[in-house]
Amino acid sequence: MIPVTTRSHPDAAVRYPREIAAAVTLPAACAALVAPGDAPSSRGASIAVVTACGALATRLAVIRFLADPGPIEPRAVAAFDPFSDPTPPALCGFGPEPDRARLRTAGDRCADAWRHWRAEDPSADSAAGAAGALAVAAWCSWALGSAARAQTRAQHALDTRADDPLAGLVLRSVRAGSGPAWDRG
């Protein structure tokens, strides 16, 4: 699913880090996740989402973007910097309650991206991004209070890539019976 031109050949002297591709694709992925309409994601949108979700820092930026109650221009979203940015409170279900329709749409589109990846390119090279997209979908379900859907999505993400940290976090939260504590005021 990730275009061949962004893949690194194992014998190549220069490697193209997944994090660079994820950061470059992040604004397009955010735009695809919140685009108007209920239509499933296009192939191009799914590629953008899988590529952007290839790094944990960009997934945290997607969560921060989706949870922000104010209007944010998707093209202005920047990757999360673990050295200077605080962990998004929404990751643990704190802060103002996100727009439910926005989370539902974004979660479904992340799941669509994972399904496109499975149908077209279930390669190990793009498995991190596919698992990441489904982990974001699992977080969206968890944030909406749908523990069963969150658990299913997180488990499939872990089946895709067993070491996915976001999917593991969502699955542990669901199994512990922990849900979001949004400020509903």
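Residues numbered from 1 in each chain as written. Predicted model: local features only at pLDDT ≥ 70, side-chain atom pairs only at ≥ 80, totals over all residues. Heavy atoms only, no water.

## Describing the packing of helix α2 (residues 43-52) against helix α4 (residues 100-120)
No. 1: The geometry of α2 relative to α4 is characterised by a closest axis approach of 9 Å and an angle of 100° between their N-to-C directions. For the element pair α2 / α4, the angle class is roughly perpendicular. Of the residues in α4, those touching α2 at Arg43, Ser46, Val49 and Val50 are Cys110, Asp112, Ala113, His116, Trp117 and Glu120.
No. 2: Among the residues forming the contact of α2 with α4, the class breakdown is 5 nonpolar, 2 polar and 3 charged. (Axes fitted to C-alpha atoms, helices over the stretch in contact; angles between N-to-C directions. Helix = DSSP H or I, 4+ residues; strand = E, 2+ residues; numbered from the N terminus. Parallel < 35°, antiparallel > 145°, perpendicular 65-115°, else oblique. Contact = heavy atoms within 4.5 Å. Nonpolar A, V, L, I, M, F, W, Y, C, P; charged D, E, K, R; others polar.)

## Remarks on the nonpolar core
No. 1: Among the nonpolar cores identified, the biggest contains 50 residues, and Val49, Leu66, Val136, Trp139 and Val170 are the most heavily contacted of them.
No. 2: What Val49 contacts, discounting residues up to four positions off in sequence, is Ala29, Leu33, Cys110, Ala113 and Ala133. (Core = buried A, V, L, I, M, F, W, Y, C linked by side-chain atoms within 4.5 Å. Buried < 20%, exposed > 50% of the residue type's maximum accessible area, 1.4 Å probe, protein only.)

## Some words on the pattern of salt bridges
No. 1: Enumeration according to the criterion identifies 7 salt bridges in this entry.
No. 2: Residues Arg100 and Glu97 are paired through a salt bridge, measuring 3.5 Å at the closest nitrogen-oxygen approach.
No. 3: With a relative accessible area of 26%, Glu97 lands in the partly exposed category.
No. 4: As a salt-bridge pair, Asp108 and Arg153 come within 3.0 Å of each other at their nearest N and O atoms. Taken together, the residues Asp108 in helix α4 and Arg153 in helix α6 (residues 147-160) connect sequence positions 45 residues apart. (Salt bridge = Lys/Arg side-chain N within 4 Å of Asp/Glu carboxyl O.)

## Quick word on the packing of aromatic side chains
No. 1: By the definition in use, this model includes 0 aromatic pairs.
No. 2: Against the face of Phe65 rests Arg102, its NZ or CZ located 4.4 Å from the ring centre. (Phe/Tyr/Trp six-rings, centres within 6.5 Å; stacked < 30°, edge-to-face > 60°. Lys NZ or Arg CZ within 6 Å of the ring centre and 35° of its normal.)

## Digging into helix α7 (residues 165-175)
No. 1: Of all the positions in α7, only Leu166, Ala167, Gly168, Val170, Leu171, Ser173 and Val174 are classed as buried.
No. 2: Where α7 is buried, its residues contact α3 (56-67), α5 (127-143) and α6.
No. 3: Looking one or two residues past α7, Gly177 carries a phi angle of roughly 75°, positive in sign.

## Brief notes about α6
No. 1: The end-to-end C-alpha separation of α6 is 20 Å, in line with the 20 Å expected for 14 residues at 1.5 Å each.
No. 2: Residues Ala150, Arg153, Ala154, Ala157 and Leu158 constitute the buried set of α6. What you see down the axis of α6 is that its buried residues fit within an arc of 135°, all on one side. With respect to the buried face of α6, the exposed residues turned more than 90 degrees away are Ala148 and Asp159. (Expected span 1.5 Å × (residues − 1). Arc of directions from axis to C-beta.)

## Quick notes on the confidence of the model for the protein
In low-pLDDT regions, the fine details of the predicted coordinates are not to be read closely.
No. 1: Overall, the predicted model of the protein reaches an average pLDDT of 89, with 90% of residues at or above 70.
No. 2: Note that pLDDT drops below 50 for residues 2-6; the model gives that stretch 7 contacts with residues more than four away or on any other chain. (pLDDT = per-residue confidence, 0-100.)

## Section: the environment of Val170
No. 1: With respect to the element layout, Val170 can be found in helix α7.
No. 2: For the pair Val170 and Ser42, spaced 128 residues apart in sequence, the C-alpha separation works out to 26 Å.
No. 3: If sequence neighbours within four positions are ignored, Val170 has contacts with Ala135, Ala138, Trp139, Trp142, Ala150 and Ala154.

## Examining the side chain of Asp164
No. 1: Along the chain, Asp164 falls in the loop between α6 and α7.
No. 2: Using a relative accessible area of 5% as the deciding quantity, one classes Asp164 as buried.
No. 3: There is a polar contact of 2.8 Å between the side chain of Asp164 and the backbone nitrogen of Ala167.
No. 4: When residues no more than four places from it in sequence are discounted, the contact partners of Asp164 are Arg59, Ala128, Ala131, Gly132, Ala135 and Leu158. (Polar contact = N/O pair within 3.5 Å; in protein donor to acceptor, adjacent residues only side chain to side chain.)

## Things to note about the environment of Ala79
No. 1: Note that Ala79 resides in the loop between α3 and α4.
No. 2: Residue Ala79 is classed as partly exposed on the basis of its relative accessible area, which comes to 32%.
No. 3: A sequence separation of 11 residues divides Ala79 from Asp68, and the C-alpha atoms of the two residues are 15 Å apart.
No. 4: Here Ala79 is in contact with Ala23, Leu26, Ala57, Thr58, Ala61, Arg64 and Asp85, once residues within four sequence places are set aside.

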